[in-house]
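Chain and residue survey
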Amino acid sequence: MTTDQHRSSAAFLFPLLQFLMVAATVYVFFSNKFAPPAAITAAGAAIDHQYDMTLAVTAVAFVLSQLGLAYVVLKYRDHGQKVEFSRGNNTLELLWTTLTAVLFLGLAVLGHSAWASARMFEPSLDAVRVEVTENQFVFNFRYPGPDGKFGRLDPKKIDASLGNPIGLDSTDPAGTDDIVVPTLTVPVNQEVELLMRSQDVIHSFFVRELRLQQDAVPGLIVPVRFKAEKIGHYEVVCTQLCGLGHSQMHTYLDVVSQENFAAFLKNGGQ
Amino acid sequence: MPEAVSDIEEPAVALLDGGGGRPPDPGFGDDGGAGSWRPAGTPQSTYTTGMLVALGGISMFFMALVSASVVHRGMPGSDWVPLHPPSILWVTSALAVASSLTLVRARRMFKAGAESGFSRWWMATAVLGVCFLSGQLLAWRQLVSAGVYLASNPSVGFFYVFTAAHGLHLLGGVIALLWIGWRQSHGWRKSPGISPGTATAVAALYWHFVTGLWLFLFSFFLIGG
Amino acid sequence: MSAHGHTVHVPEAPTGFIRKYVFSTDHKVIGIQYFFLALTSVVVGMLLSVLMRFHLLWPGAKVPFLQGGVMTQAQYLSLVTMHGTMMVFFVLTTAPQAGFGNYFLPIQIGAPDMAFPHLNMLSFWVTFLAFLSLIAAFFVPDGAPISGWTAYTPLSGIGQASGPGEGWGQTMWIVSISLFCLASLLGALNFIATLIDMRAPGMSLMRMPLTCWGWFVTAVLTLLAFGVLLAGGILLFLDRTAGTSFFLPAGLVFTDQLQPHSGGSPLLWQHLFWFFGHPEVYIAILPGMGVASHVLSTFCRKPIFGYKAMVIAMNAIGFLGFVVWGHHMFVSGMSPYSAFAFSVMTMAIGVPSAIKTFNWLGTLWGSKIHFDVPMLFALGFVSLFVSGGLSGLFLAQPAVDNLLHATYYVVAHFHLVMGVASIFGMFAATYFWFPKMFGRMMNPTLGKIHFWFTFVGAYCIFMPMHFLGLSGGIRRYADYTAISYLQPLRPLTMFMTYAAFVTVTAQLIFLFNLFWSLKKGEVAGKNPWNATTLEWITTSPPPHDNFGGQFPSVYRGPYEFNVPGAREDFIPQNLEPSQVAMGAQS
């Protein structure tokens, strides 16, 4: 065999590093130093709860296995002992397999409602509908106006320089009252339904405080919904690699009072 | 001696498999029979295994294309216009089936030791394969002259991709048939390597697969491609 | 049959430099060729990532050899794309399987070569051609593609119009990947046929080393997954060059120009890609798991705990790996019901992974650990695999994925499992098998220094990355100045970048050790590690037919260490029962 087996510093250094790594990791994760800003929706809070449960389970698994590894490395370093021969233990195998399966699948099932509430829904009649159009490298938000109907769009009519970035078809009367703006304004405490679409490549829409992320896919209109419970000014970023200007593609979400929102619509988006 | 064996092989500790101690099974590199041709290195059965594995991989490739095609058909608001397969495809399909039949005949001749009979039916298979490919090219010609191109709409796109991919695989089969036919008349390399029997068997496996694949694709086009 | 094995006639060894070292059908030469191809790729890939890290910290700084001096956003994105592509394909899919697998699979099962040696040679050279095609993407007009290694369409499918590098660069990328698919399929064929048909007498499947099981399951995954990527690649190529609309819907507008395509689905590309892409990551890790098991058992002188469970777990991982691909697409616009189904399956795949971890710990329990360099990397593998695997539990849940998708959390996760754990598997394999391949030992002191720097360094780079992601650090951003909330995260980026510089530099120790030891390393005997598997019964390096005409038969499993009643603390697989020395251990 190789030489110098009985005094390897690795036997002590490896467990020490494992311990330090575990301590540092657990500390930073639980200290919330790098937490996202507080969620402003109930759905977001549910997601945070799911995250916390997952963190609890994984933290236990992490600490036990990493420190377990440190322990066996230290204890069973070659210091002249006899090997406790074993080929395995079927009972143990069954036990930890079952335990792991229950834990992991349990987590998956418990997380269902947090997912379903934002994604699996029947359109609600008093949801504020906003169509989100993304393209390289801007966001445009369209409100249907007092008639409650979105006007027809025609890609051939797209001309950003002429002030028609999403191609509103002027021959459709339903579109004359549509409001198209570059930032998203929504009323507080009211259901909002976003209809995500794209004009060129796949983009995405992400607001940390909403805990909501959704790709905008050309050829599809994908609905997502949220109900913001806190007035404020929030950053919206594009998270799907969309080309050269990906890092610059961002806009803002303004959650305003119901009166301010009514005024916003009345003033055509000011 | 037997006690010593069991001492090592089965310690008293609860165990899963890992020990052993059975006498070794007969090894490879020995075709174990009365045959005078003994290959070394790769056993003959391996070529068959290899071909079956290859057919698995090829199937996944075509399954991916088929799934993509099914997705396109089912997409809401899609402009899927089913393609009417050119009528010549009925002819080529018949040619494909015929080529498999001639191949079966050729192999019977081989097993019976009828050299010239084998050669004739084997070559007939290759020729039918070439006729099939010509027919496919004619089908493309017909589509183009009717103004139906690769980019016209998705169903046409898939049609061209399927026929091209299948045709390439069939061409590979034709080349294999020709190579085996040539070897059979000019002599096989001594050892190691593939034996004539294995070569014909493995080539036949591939060929019948390609025929079957065509029949599947053709039906696919007919039911709504 | 002779007492030590049976003789098999094999063809003569080739002579001449070209036949011996260039166009060789010898699986050992081919394995080494793949190994050095992967080594070249990892050096290139690391350099690309160093440039990326450099740019993130100092976007305005001058970079000597770039045209114009300062790195542009397009160049950064092309680095991201090429780094990912090079690492995933030419390092992680090459070294573990095609490199070490080619070299050691035939020997470990007692065979003289792979089933189809000429096909094997063809596989290597097609892979090499694929490598050249990928490198060519840097030098074509407008440079390398910017769509990431995932090449989502329409960004990748429309051609020049969607951005720089999307013309010729993307085309070369598709050519490279398609060639790679072909080569991999041929390789998988070889592996499976060899494993099924060419095992030595007595080498039943359940007596195969776990390294062989790793290569087996990986080969099956390769066979079933790469054909799908090839199909996708062909359709993508046609969309770009022939005006088809497999992945391109109607109404696409670039710089106010309406594109002619119609009827395609961008999500279809994602499904095809990830149907391949998920098994691909298991292709990247399974051989490393096999190596970890093998090295752990060998250096703690105790059988692997639960060999059968390990085999079942590997197969379960392989099988389940095919039904989880949708977890890459939770927010893609896919049905939320499908998302939930994929989530359940993904959590399920955590179970066999956990089993393997428990069994590794069980192997070490009650053992007698020797801290040679291969063992250090195997221990590191376990630690890193646990860290990387557990973060997967967060990403597997679509609700939580809302927050973490496309952030640095994902980047941290896959780098820990693929970029570090898998690489540690390769390091362990290199230090372990170098003596057998080259007849010399690698320097253990340098090896240990390399290990500690890399182990600490890797954690310093990738653990903080989770926090960057959690607080909203978006991936594939060429610069952070536009988003206000990303500015306070700069210290994290700085820490990770400095750690990366140190860790990458430390790899020079490994490279030096590798090349120096080729000529100057201590001469190695047949079995410097007192290991049990068949590669250790032959010379170092092995002769052309692997066993000098004396092919072994196998009488026992692969991890017979410290078996009660045996005098030595290991029993080679090929030793006849009558020849095993009995009595108290010396």
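Residue positions are given per chain, counting from 1 as you read along its sequence in written order. Naming scheme: in the order in which they are written, chains are lettered from A and ligands are numbered from 1. Where local features are concerned, this predicted model is filtered to residues with pLDDT of at least 70; where side-chain atom pairs are given and counted, the filter is 80 or more; whole-chain, interface and lining totals use all residues. Think of the side-chain values as coming from all heavy atoms in the structure, minus any hydrogens and water.

With that settled, the discussion passes to the packing of aromatic side chains. Geometry of an aromatic ring pair is reported as the spacing of the ring centres plus the angle between the planes. Ring pairs shown here join Phe, Tyr and Trp side chains whose ring centres sit within 6.5 Å, with only the six-membered ring taken for Trp; geometry is labelled stacked below 30 degrees between planes, edge-to-face above 60, and tilted in between. Considering all chains together, one arrives at 90 aromatic pairs over all chains under this definition. Between Trp96(A) and Phe358(C) the ring centres are 5.0 Å apart and the planes differ by 40°, which places this aromatic pair in the tilted class. On the criterion of chain membership, the pair formed by Trp96(A) in helix H3 (residues 90-110) and Phe358(C) in helix H10 (residues 336-364) is interchain, its members lying in two chains. For the pair Phe432(C) and Trp433(C), a centre-to-centre distance of 5.6 Å together with 50° between the ring planes defines the contact as tilted. According to the relative accessible area criterion, Phe432(C) is buried, its value standing at 0%. Labels follow the DSSP assignment, with helices taken as runs of H or I lasting at least four residues and strands as runs of E lasting at least two, numbered in each case from the N terminus. Only protein chains enter the accessibility calculation, which uses a 1.4 Å probe; a residue whose area is less than 20% of its type maximum is buried, one above 50% is exposed, and one in between is partly exposed.

Another point: the nonpolar core. Ranked by internal contacts, the top residues of the largest apolar core, which has 338 residues, are Leu194(A), Phe205(A) and Trp360(C). Not counting chain neighbours up to four residues away, the residues in contact with Phe205(A) comprise Val132(A), Glu134(A), Phe139(A), Phe141(A), Leu184(A), Leu194(A), Met196(A), Leu212(A), Gln213(A), Gln214(A), Val236(A) and Val237(A). Buried residues of nine kinds, namely Ala, Val, Leu, Ile, Met, Phe, Trp, Tyr and Cys, make up a nonpolar core once their side-chain atoms join them within 4.5 Å. What makes two residues a contact is simply this: any of their non-hydrogen atoms within 4.5 Å.

Turning next to the sheet that holds strand E8 (residues 222-227) of chain A. Residues and elements named next belong to chain A. Strands sit in the order E3-E2-E1-E5-E8 across an open sheet of five strands; the sheet is mixed. This sheet does not close on itself; its edge strands, each paired only once, are strand E3 (179-181) and E8. Here the strands of the sheet are splayed against their neighbours by 25° on average, with no regard to which way each runs. Pairing between strands requires that DSSP locate at least two bridges from one strand to the other. Direction of pairing for strand E2 (residues 138-143) relative to E3: antiparallel, over a ladder of three bridges. Looking across to E3, one finds that arginine 142 is bridged to valine 180. Fitting a line to C-alpha atoms yields each axis, with helices limited to the stretch in contact; the angle taken between N-to-C directions then spans 0 to 180 degrees. Against the sheet, helix H5 (residues 258-266) contacts strand E1 (128-135), E2 and E3, and its axis sits at roughly 95° relative to E2.

What follows is about the packing of helix H1 (residues 10-31) of chain A against helix H2 (residues 42-75) of chain A. Residue and element names in this part refer to chain A. Relative to each other, H1 and H2 sit at 170°, their axes nearing to 8 Å. By the angle between their directions, the pair H1 and H2 is classed as roughly antiparallel. Crossing hand, H1 versus H2: left-handed. Within the contact between the two elements, H1 uses Ala11, Phe12, Phe14, Pro15, Gln18, Phe19, Met21, Val22, Thr25, Val26, Phe29 and Phe30 and H2 uses Tyr51, Leu55, Ala59, Phe62, Val63, Gln66, Leu67, Leu69, Ala70, Val73 and Leu74. Residues of the contact of H1 with H2, tallied by class, amount to 20 nonpolar, three polar and no charged. An angle below 35 degrees is treated as roughly parallel, one above 145 as roughly antiparallel, one from 65 to 115 as roughly perpendicular, and anything else as oblique. When the near helix sits turned anticlockwise from the far one by under a right angle, the crossing is termed left-handed; a clockwise turn instead gives a right-handed crossing. All amino acids are sorted into three groups, where Ala, Val, Leu, Ile, Met, Phe, Trp, Tyr, Cys and Pro are nonpolar, Asp, Glu, Lys and Arg are charged, and the leftover types, Gly among them, are polar.

Attention shifts here to helix H7 (residues 210-241) of chain C. Residues and elements named next belong to chain C. When the terminal C-alpha atoms of H7 are compared, their 45 Å separation across 32 residues agrees well with the 46 Å that a helix rising 1.5 Å per residue should span. Throughout, bend refers to the angle between the axes fitted to the seven residues that end at a position and the seven residues that start at it. Where H7 bends most, at leucine 223, the angle is about 25°. Most of H7 sits inside the fold, with 27 of its 32 residues counted as buried. Residue glycine 243 follows H7 closely and has a positive phi angle near 75°. Helix span, as expected, comes to 1.5 Å for every residue beyond the first.

Contact residues are listed per partner, giving 110 residues for chain C and 97 residues for chain A. A pairing counts as a salt bridge when a side-chain nitrogen of Lys or Arg comes within 4 Å of a carboxyl oxygen of Asp or Glu. Remark: the boundary between chain C and chain A carries one salt bridge. Between Arg87(A) and Glu560(C) there is a salt bridge, with its nearest N and O atoms 2.6 Å apart. Polar contact is the term for a pair of N or O atoms within 3.5 Å; when the atoms are in protein, one must be able to donate a hydrogen and the other to accept it, and sequence-neighboring residues count only if both atoms are side-chain atoms. Where chain C packs against chain A, one counts 32 residue pairs in polar contact (both at pLDDT 80 or more). Breaking the side of chain C that touches chain A down by element, the ones donating at least two residues are helix H3 (73-92), strand E2 (253-254), helix H8 (266-300), helix H9 (307-320), H10, helix H11 (373-395), helix H12 (398-404) and helix H14 (444-470) of chain C. The biggest single contributor to the side of chain C that touches chain A is H10(C), with 16 residues. When its residues are assigned to classes, the side of chain C that touches chain A shows 72 nonpolar, 28 polar and ten charged.

This paragraph deals with a nonpolar patch on the surface. Together, Leu13(A), Leu16(A), Phe19(A) and Leu20(A) make up an exposed nonpolar region whose accessible area comes to about 370 Å². For Leu13(A), the location among the structural elements is in helix H1. In this analysis, a patch consists of residues with relative accessible area above 30% that form no salt bridge, clustered at 9 Å for like charges and at 5 Å for the nonpolar side chains Val, Leu, Ile, Met, Phe, Trp and Tyr. Note on areas: Shrake-Rupley with a 1.4 Å probe; residue coverage comes only from the protein chains shown.

Before going further, it helps to examine the packing of helix H2 (residues 44-74) of chain B against H8(C). Relative orientation of the contacting elements H2(B) and H8(C) amounts to 155°, with a least axis distance of 11 Å. In terms of orientation, H2(B) and H8(C) fall into the roughly antiparallel class. Note on packing geometry: the crossing formed by H2(B) with H8(C) is right-handed. For the pair H2(B) and H8(C), contact is made by Met60(B), Ala64(B), Ala68(B), Val71(B) and His72(B) and by Leu268(C), Leu272(C) and Phe275(C), respectively. Its residues assigned to classes, the contact of H2(B) with H8(C) shows seven nonpolar, one polar and no charged.

The step from Gln136(A) to Phe137(A) runs through a cis peptide bond, and the omega angle for that step is -5°. Locating Phe137(A) in the fold gives a position in the loop between E1 and E2. The phi dihedral of Arg211(A) is positive, around 55°, even though this residue is not glycine. Relative to the helices and strands, Arg211(A) resides in the loop between strand E6 (203-207) and strand E7 (212-216). Under the relative-accessibility criterion, Arg211(A) is labelled buried at 3%. Positive phi, normally seen in glycine, also occurs at Asn530(C), with a value near 50°. Mapped onto the elements, Asn530(C) comes out in the loop between helix H15 (490-520) and strand E4 (550-551).

This brings us to the state of the cysteines. Throughout this description, disulfide means a covalent bond between two cysteine sulfur atoms. Our working definition of a disulfide is a cysteine sulfur pair at a distance within 2.5 Å. A complete count under the given rule lists zero disulfides over all chains for this structure. Free cysteine Cys242(A): the closest other cysteine sulfur is in Cys238(A), separated by 3.9 Å.

Moving on to the side chain of Asp545(C). Residue and element names in this part refer to chain C. With respect to the helices and strands, aspartate 545 occurs in the loop between H15 and E4. Counting rule for charge: Lys and Arg are taken as positive, Asp and Glu as negative, and neither His nor the chain ends is counted. One buried charged residue, aspartate 545, remains without a salt bridge, the closest side chain of opposite sign being lysine 28 at 6.8 Å. A polar side-chain atom of aspartate 545 sits 2.7 Å from the main-chain amide nitrogen of glycine 548.

Bringing the domain arrangement of chain C into the picture now. Residue and element names in this part refer to chain C. Note that the domain bounds reflect an automated or database-derived domain assignment. The assigned domain composition of chain C is domain 1 (17-58 + 87-202), domain 2 (265-513) and domain 3 (524-586). The C-alpha-based centres of domain 1 and domain 2 are spaced at 20 Å. The interface is formed by 32 residues belonging to domain 1 together with 40 residues belonging to domain 2. Between domain 1 and domain 2, a total of about 3,300 Å² is buried, with carbon and sulfur atoms accounting for 74% of that surface. Throughout, buried area stands for the accessible area (probe radius 1.4 Å) lost by two parts on being put together, summed over both. Per-residue buried area on domain 1 facing domain 2 is highest for Arg53, Leu57 and Leu92; these three make up 21% of the total on that side. The interface formed by domain 1 and domain 2 holds zero salt bridges in total.

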